[in-house]
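What the coordinates show
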Amino acid sequence: MPDLLPPCVARCFSALLLVAVLAGCAVAPTAPPTLYQRLGGAPRLELVIGRMIDRAARDPRTRRSFDGIKLAPLKESLVTQLCSISGGACRYEGETMARAHADARIVASEFDALVNILREELDRAGVDAGAKNELLRLLAPMKREIVGGHGGAAAPRS
Ligand code: HEM
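A quick note: this is a predicted structure, and the numbers were derived from the prediction, not measured. All residue numbers here refer to positions counted from 1 along the written sequence of the relevant chain. Predicted model: local features are reported for residues with pLDDT of at least 70 only, side-chain atom pairs are reported and counted for 80 or more only, and whole-chain, interface and lining totals are derived from all residues.

As a further point, take the overall build of the protein chain. For the purposes of this entry, the term helix denotes a DSSP run of H or I that reaches at least four residues, the term strand denotes a run of E that reaches at least two, and both are numbered from the N terminus. Secondary structure summary: the protein chain contains eight helices and zero strands in total. Counting helices and strands in the order they occur from the N terminus, the protein chain gives α-α-α-α-α-α-α-α. The buried share of the protein chain, reckoned over its 158 residues, is 16%. C-beta atoms are first placed from the backbone for all residues, and any pair lying within 7 Å is then listed as a contact. Looking at the protein chain alone, contacts between residues at least 24 apart form 77% of all its contacts between residues at least 6 apart. Exposed residues have 12 or fewer other C-beta atoms within 10 Å of their own C-beta, buried residues have 20 or more, and residues in between are partly exposed; the C-beta atoms are placed from the backbone.

It is worth spelling out the packing of helix α3 (residues 41-56) against helix α4 (residues 71-85) at this point. Here α3 crosses α4 at 135 degrees, and the two axes come no closer than 9 Å. One element, α3, and the other, α4, form an angle in the oblique class. As α3 packs across α4, the resulting crossing turns out to be right-handed. Contact residues: L45, E46, I49, G50 and I53 in α3; L71, L74, K75, L78, V79, L82 and C83 in α4. In this classification, Asp, Glu, Lys and Arg are treated as charged, Ala, Val, Leu, Ile, Met, Phe, Trp, Tyr, Cys and Pro as nonpolar, and every other residue, Gly included, as polar. In the contact of α3 with α4, the residues fall into nine nonpolar, one polar and two charged. Inter-axis angles, ranging from 0 to 180 degrees, are taken between N-to-C directions of lines fitted to C-alpha atoms, where helices are fitted over the stretch in contact. Each angle gets one of four labels, with under 35 degrees taken as roughly parallel, over 145 as roughly antiparallel, 65 to 115 as roughly perpendicular, and the rest as oblique. Left-handed describes a crossing in which the near helix is turned anticlockwise from the far one by less than a right angle; the clockwise case is right-handed.

Let's shift gears to helix α6 (residues 108-124). In this analysis, the expected span of each helix is defined as 1.5 Å times one less than the number of residues it contains. Counted at 1.5 Å a residue, the expected span for α6 with its 17 residues is 24 Å, and the 24 Å between its end C-alpha atoms agrees. Among all positions of α6, only E110, L114, L118, E121 and L122 are buried. The buried side chains of α6 occupy one side of the element, clustering within an arc of 115 degrees when seen end-on. More than 90 degrees from the buried face of α6, the exposed residues found are S109 and R124. In this structure, the buried residues of α6 make contact with α3 and α7 (129-139). G126 lies just past α6 and shows a positive phi near 85 degrees. The arc in question is the one traced by the directions running from the helix axis out to the C-beta atoms.

We now examine the site of the ligand. Surveying the vicinity of the ligand reveals 21 residues, the closest of which are S77, G94, E95, A100 and L114. At the level of elements, α4, α5 (97-102), α6 and α8 (142-148) are the ones that each hand at least two residues to the shell around the ligand. In terms of residue count, α4 provides more of the shell around the ligand than any other element does, four residues in total. Across the shell around the ligand, the residue classes tally to twelve nonpolar, six polar and three charged. Placing a C-beta atom from the backbone of each residue, we mark the residue near a molecule or strand if the atom is within 6 Å of it.

Written out as structure tokens, the structure is:
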């Protein structure tokens, strides 16, 4: 088949095409990472939540609620919930926060202590401050449900 274009024009055209393709690659829009990705995805969430629950179950400020609770399924449920609210591909199908915590009659100081443990474990696992604070901001409104869900009565001292 005869060439349709003189060779120099064809070469020029190919070069222009290559430049256009490379420029297109350079500016192709990429979706910003989700909070879930910035938290480090499943491996880091599992590490952080595993350590947080183990500590909360021993810490004198929080441990009374964890008496007799199976920690492995609780960790799993919490990881799924955090994956779901941070934009990961999970769906949390557990209890509402009010129902899950109603029997424990959790008070504000216990809630704050657990959030502090979580903050320390996020730092320890190397989660950056932006992602950490974004996650903590998502959890803050749950305090009303978790602490207020039982009518606000004080927990028994232990
Ligand atoms: C923002 C803070 C919190 C979040 C996001 C959270 C999340 C959860 C989730 C997802 C579950 C499992 C519910 C299910 O699988 O149906 C759960 C259960 C539980 N949480 Fe929390 N929680 C929080 C605060 C606390 C605090 C402050 C305590 C105690 C100091 C606590 C103690 C427990 C216990 C003991 C259970 C197990 C309840 C049972 O199985 O009867 N949680 N929580």
